[in-house]
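Now for the letters of each chain:
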Amino acid sequence: MEKFLIAGGAELRGTVRIAGAKNATLPIMAASLLCPGICTIYDVPDLRDVRVMCEILTLMGAKVEYKDGTCQLDTRNISSAEVPENLMREMRSSVFLMGALLGRLGRVKVSYPGGCAIGPRPIDLHLKGLAALGTRISERHGYMLAEGRELRGSDVHLDFPSVGATENIMMAAVRARGVTLIRNAAKEPEVVDLQNFLNKMGARIRGAGTDTIKIEGVPSLGPTTHSVIPDRIEAGTFMVAAAMTKGDIYLENVIAEHVEPVTAKLREAGAEVDTKGEGIRVTASGRLQAVDVKTLPYPGYPTDMQPQTMAMLSGAEGTSVIIENIFANRFKHVDELRRMGAQIKIEGRAAVIRGVERLSGAFVEASDLRAGVALVLAGLAAEGETVIDNIYHIDRGYDSLEKKLKGIGAKIERITDR
Ligand code: UD1
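Predicted, not measured: the structure shown is a model, and the values here were computed from it.

**Remarks on the overall build of the chain**
Of the regular secondary structure elements, the chain holds 14 helices and 24 strands. Expressed as lengths along the three principal axes of its C-alpha atoms, the size of the chain is roughly 60 × 45 × 40 Å. Taken over 418 residues, the chain has a buried fraction of 58%. Put simply, of all contacts in the chain between residues at least 6 apart along the chain, 73% involve residues at least 24 apart. Surface summary for the chain: the accessible area is close to 16,400 Å², and the carbon and sulfur share equals 46%. Charged side chains in the chain number 52 positive and 52 negative. The centres of these two groups are separated by 4 Å.

**Quick notes on the sheet that holds strand β15 (residues 248–252)**
One open sheet holds the four strands; their spatial order is β2-β15-β17-β16, and the pairing between them is mixed. Whereas interior strands pair on both sides, the edge strands pair on one side only; in this sheet they are β2 (13–17) and β16 (272–274). Strand after strand, the sheet turns through a mean of 15 degrees between neighbouring axes, direction not considered. Two strands pair when backbone bridges link them, and β15 and strand β17 (residues 280–283) are joined in this way by four bridges, in the antiparallel orientation. Pairing of Asp248 across the sheet is with Thr283, part of β17.

**Quick word on the packing of aromatic side chains**
Counting across every chain of the model gives zero aromatic pairs. Stacked on the ring of Tyr143, the Lys or Arg Lys109 has its end atom at 4.7 Å from the ring centre.

**Describing the site of the ligand**
Around the ligand, the surrounding shell holds 19 residues, and the nearest of these are Asp124, Leu125, Ser162, Asp304 and Ile326. Contact with the protein chains covers 86% of the free accessible surface of the ligand, which is 740 Å². Tallying contributions element by element places helix α5 (residues 124–132) first for the shell around the ligand, with three residues. Among the residues making up the shell around the ligand, the classes are represented as eight nonpolar, six polar and five charged.

**As for the pattern of salt bridges**
Here the structure, examined in full by the defined rule, presents 23 salt bridges. Across the salt bridge formed by Arg414 and Glu2, the nearest N and O atoms sit 2.8 Å from each other. One end of the pair, Arg414, is in strand β24 (residues 411–415); the other, Glu2, is in the segment before β1 (3–7), and 412 residues separate them in sequence. Owing to a relative accessible area of 33%, Glu2 belongs among the partly exposed residues under this scheme. As a salt-bridge pair, Arg414 and Asp395 come within 2.9 Å of each other at their nearest N and O atoms. Placement of Arg414 in strand β24 and of Asp395 in helix α13 (residues 392–395) is noted, with a sequence separation of 19 residues between them. When its relative accessible area of 29% is taken as the criterion, Arg414 is described as partly exposed. Three or more residues joined by partner-sharing salt bridges are found here, namely Glu2, Asp395, Glu402 and Arg414.

**Some words on the layout of surface pockets**
Approximately 360 Å³ is the volume found for the second largest pocket. For the lining of the second largest pocket, the secondary structure elements donating two or more residues are α8 (232–244), α10 (306–313) and α12 (369–381).

**Some points on the pairing of strand β19 (residues 319–323)**
Residues Ser320 and Ile322 of β19 are buried on one face, while the alternating residues Thr319, Val321 and Ile323, pointing to the opposite face, are not. Alignment of strand β18 (residues 293–294) against β19, held across two bridges, turns out to be parallel. Paired with Lys294 across the strands is Ile323, a residue of β19. As a crossover connection, the stretch from β18 through α10 into β19 is right-handed.

**Quick look at unusual backbone geometry**
For the peptide bond that leads from Tyr298 to Pro299, omega is 10 degrees, which places it in the cis range. Counting through the fold element by element, Pro299 comes out in the loop between β18 and α10. Positioned with a positive phi, Asp68 is a non-glycine residue whose angle comes to about 50 degrees. Counting through the fold element by element, Asp68 comes out in the loop between β4 (63–67) and β5 (70–74). According to the relative accessible area criterion, Asp68 is exposed, its value standing at 74%.

Conventions we followed
Residues numbered from 1 in each chain as written. Predicted model: local features only at pLDDT ≥ 70, side-chain atom pairs only at ≥ 80, totals over all residues. Heavy atoms only, no water. Helix = DSSP H or I, 4+ residues; strand = E, 2+ residues; numbered from the N terminus. Buried < 20%, exposed > 50% of the residue type's maximum accessible area, 1.4 Å probe, protein only. Contact = heavy atoms within 4.5 Å. Areas by Shrake-Rupley, 256 points an atom, 1.4 Å probe, with all protein chains shown as cover. Lys, Arg positive; Asp, Glu negative; His and termini not counted. Charge placed at Lys NZ, Arg CZ, Asp CG, Glu CD. Pairing = 2+ DSSP bridges. Axes fitted to C-alpha atoms, helices over the stretch in contact; angles between N-to-C directions. Phe/Tyr/Trp six-rings, centres within 6.5 Å; stacked < 30°, edge-to-face > 60°. Lys NZ or Arg CZ within 6 Å of the ring centre and 35° of its normal. Near = heavy atom within 4 Å. Nonpolar A, V, L, I, M, F, W, Y, C, P; charged D, E, K, R; others polar. Salt bridge = Lys/Arg side-chain N within 4 Å of Asp/Glu carboxyl O. 1 Å grid on protein atoms, 1.4 Å probe; cavity = no way out; pocket = protein on both sides within 12 Å on 5 of 7 lines; lining within 4 Å. Points joined across faces, edges and corners; volume = space filled by probe spheres on them. Right-handed = clockwise from strand over helix to strand, strands pointing away.

Right under this line is the structure:
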């Protein structure tokens, strides 16, 4: 098992280029299945989740070439509508292959995705939306079979603005007959990027980025090329890294509006964030101040930044409260941060963090992607040496993390045995 070994205390200084967004790339790759042809996608991050998606698409009959951030997807021959169980388990987000395969082949068989480290992740909203378009869904032996050769546009009201459900329904609706309205849709920038990709394929979608998305079904689509938007969570992670280490980091390839919630909190905590130029510069000199944070759907504070923010506030002056509103069980990093000296109490969905002067290095384990990177940040700011186990979780979502961190002065090594 690979681990990170971090010597804490270095001030991070320099420039980092942010990669394309994982959460935009995965649905776009799935959407390439919607029509036969060759799609070229640029700025695809080199991540374990992306490699798994390449593997899944290959098993379905696509020819996938992925090199130097460019992914070419040849979907002229799609022979399978079944997502293998092991890969479905490996990457829960493969559930949005349902919408794409329904749009292309009229049927799809996937295993039930089950829970994950950050809590139960039901797909009822996906299924309700697909059923509203005329999909028949049956569940047997842990598998779901969805069939619908003649999908019809419909009004879908989501009980919660789920990102994945919004994307899944969009993909199924582009080839349906008539108009689909998704109300209470997710407004995340990745949904807008999917809309842009689908419209370049010939779809007629308006409204992504607002809470109502209108999709007029079209009879056919064609292949296209697309550059994925920058990863706002990777950007947010480096912004927090600068603030926590009293560093000075300039981020390239970032959209300031997408990280606005993080910018606002960092300023409130006492860091300086300059968003005037092309990129974003984050600097901090003194100790950060405690702040309160509530995670919410976009444009609220992202749940995917909650663990990193908690690591930061563990060393801030005063008491902070974080309320996690999106996922029920997203506090797995708390025990590990406590091992590093953090003083955190959990009460239901709230975490009360009493800032300590300095975290101290320890042996800790990553339980999921963002929890893992939060421990990396804690290790960078801590006194002494930190070893982080199970870093395969971090490789799911960060392209060249240790290389980028080393480039700005961090003392971090990937080790295989310790
Ligand atoms: C996406 C992101 C993930 C991020 C999350 C919230 C991808 C690949 N992943 O995940 O990184 O943390 O958005 O910003 O884009 N829910 C239901 N029923 C459903 C679907 C969701 O109850 O059918 C609930 C979930 O349990 C969760 C909440 O809705 O509590 C938000 O989930 P959702 O927005 O769907 O997240 P994902 O699309 O899975």
